[in-house]
Amino acid sequence: MAVSNEELIGRADLDDIDAILATSNSDVDATMHEVAANSSTIFTWDYERTRAPLAKLYEKAKTSQWNANDLPWDTDVDQEKVVEANQAANSYLYQSGVDTTGTPFANWGDKEWLAFGVESQNWTLSQFMHGEQGALICTAQIVETVPWIDAKYYASTQVMDEARHVEVFSRYLDEKLSGHYPINAHLKALLDDIITDSRWDMTYLGMQIMVEGLALASFGFMHQMSTEPLLKQLLRYVMSDEARHVAFGVLSLQEYYEQLSATEIRERQEFAYEAAVRMRDRFLQQEVWERMGVDVKQAVKFVLQAPDRPIFQGMLFSKIVPNCKKLGLLDAADGWLREKFTELGVIQFEDWADTGEEYASLDMVAQDREAARA
Ligand SMILES: [Fe+2]
Ligand SMILES: [Fe+2]
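From a predicted model like this one, the values you see are computed outputs, not experimental measurements.

Engineer: How should I be thinking about the coordination of the iron ion (ligand 1) in this particular structure?
Structural biologist: Metal coordination angles have textbook ideals: 109.5 degrees for a tetrahedral set of four donors and 90 or 180 degrees for an octahedral set of six. Coordination of the iron ion (ligand 1) by the protein comes from E132 (OE), E162 (OE), H165 (ND1) and E242 (OE), over a distance range of 2.0 to 2.2 Å. Sequence spacing among the residues donating to the iron ion (ligand 1) works out to E-x29-E-x2-H-x76-E. Separating the iron ion (ligand 1) from the iron ion (ligand 2) is a distance of 2.9 Å, and E162 supplies a donor atom to each of them. Of this pair, H165 sits in helix α6 (residues 149-176) while E242 sits in helix α9 (residues 229-257), and the two are 77 residues apart along the sequence. In this structure E242 comes out as buried when scored by relative accessible area, which is 1%.

So, in structure tokens, the structure goes:
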């Protein structure tokens, strides 16, 4: 049975800019967003510890907790200087010699690009913060809905991790940056989809595999690009936690998917694809262009055509694709998801390391403690 792009993502053409921009946050002044969950809370009376990989992950999580207050918050951050330094150290869209004739950027000089860099950073960190709250809520939901005691134990440590992540991004925005953005509409829609799905394993697929897989890659990219030491250290520790979270998804779903029928697996493939498209759409930063008074449609069109776009977009999926492969989602149903990921231009990462095991080597908290003892 062929399902069309219209049915899955509401548009035939992936790059249909009008359709992408039609999803926008219409409720920017709200301070609350209520979502009704449809899932059942499961008690288990089976306390036997039968899942060794999850038990190992839980032990690691207990010993690698860290306190947000211990980060060097007294670091002086001059945001404009940092953005200038980042722009000088890395090559960006407007420095790549792209022809801006006829685009909203034709008359932009250093001043405008600097202002854009500042807004873009405010936006990016705001979305990280909102995404972290999504992870906090989804993982609390997993504590309730997953039927396995080892998974409930582990998920409880992730809830603490996510609270700390919301805390650090929120504090960094308040103390070091110059403005907040409301949640991006595509990210919000994705989080709502994940939370309202009644099947407990879909929370894992949406959050631990898709959202957190993207976060892990994207924090790594930002850690590499950033010239600001506090943000670098903050991201380094957040990434250590995220590697465990993605591993939690891979280890749990691996076991569960073995019992699912072909039809059920196919539903998971479609869910993964819809999530991938929503995440790709969110990175078009439509709210930044709006705030800067630029014609959003023209700006997005320009960004989609930028020569470094495929590399950036691909990088975001460098964890998701190998993890989907490990879970059997790429090749089930005659390779349906493989085809979709090929269309999205991200299939080249399928043989990169999956995240089932690498969390131990990515644990920077443990490494720093080891080094301090030596
Ligand atoms: Fe997180
Ligand atoms: Fe996480």
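Engineer: Teacher, can you tell me more about helix α4 (residues 79-89) here?
Structural biologist: Think of an α-helix as 3.6 residues a turn; residues three or four steps apart then line up on the same face. Burial in α4 covers these residues: Q79, V82, V83, N86 and Q87. Within α4, the buried residues cover an arc of 135° as seen down the axis, which keeps them to one side. Residues K81, A88 and A89 are exposed on α4 and point more than 90 degrees away from its buried face. Where α4 is buried, its residues touch α5 (110-145), α6 and α8 (200-225).

Engineer: Just checking my understanding: could you explain the nonpolar core for this structure?
Structural biologist: Burial of nonpolar side chains together is a common tendency in soluble globular proteins. In this structure, F169 and F341 are the most contacted members of the largest nonpolar core, which totals 96 residues. Setting aside residues no more than four positions away along its own chain, F341 makes contact with A276, I320, V321, C324, L330, V346 and I347. Core analysis: the second largest hydrophobic core is formed by 19 residues, W108, F116, W123 and L304 among them.

Engineer: Explain the coordination of the iron ion (ligand 2) here, please?
Structural biologist: Around the iron ion (ligand 2), the protein contributes the donor atoms E162 (OE), E212 (OE), E242 (OE) and H245 (ND1), which lie 1.8 to 2.1 Å from the metal centre. Angles of 86 to 170° at the metal separate the 4 donor atoms of the iron ion (ligand 2), which places the site in the irregular class. Read in sequence order, the donor residues coordinating the iron ion (ligand 2) give the pattern E-x49-E-x29-E-x2-H. Judged by its relative accessible area of 0%, E162 is buried. What makes E212 buried here is its relative accessible area of 2%.

What counts and what doesn't
- Residues numbered from 1 in each chain as written.
- Chains lettered and ligands numbered in written order.
- Predicted model: local features only at pLDDT ≥ 70, side-chain atom pairs only at ≥ 80, totals over all residues.
- Heavy atoms only, no water.
- Donors = N, O, S within 2.8 Å, 3.2 Å for Na, K, Ca; no water.
- Helix = DSSP H or I, 4+ residues; strand = E, 2+ residues; numbered from the N terminus.
- Buried < 20%, exposed > 50% of the residue type's maximum accessible area, 1.4 Å probe, protein only.
- Arc of directions from axis to C-beta.
- Contact = heavy atoms within 4.5 Å.
- Core = buried A, V, L, I, M, F, W, Y, C linked by side-chain atoms within 4.5 Å.
- Tetrahedral: all angles 85-135°; square planar, octahedral: opposite > 155°, others 65-115°.

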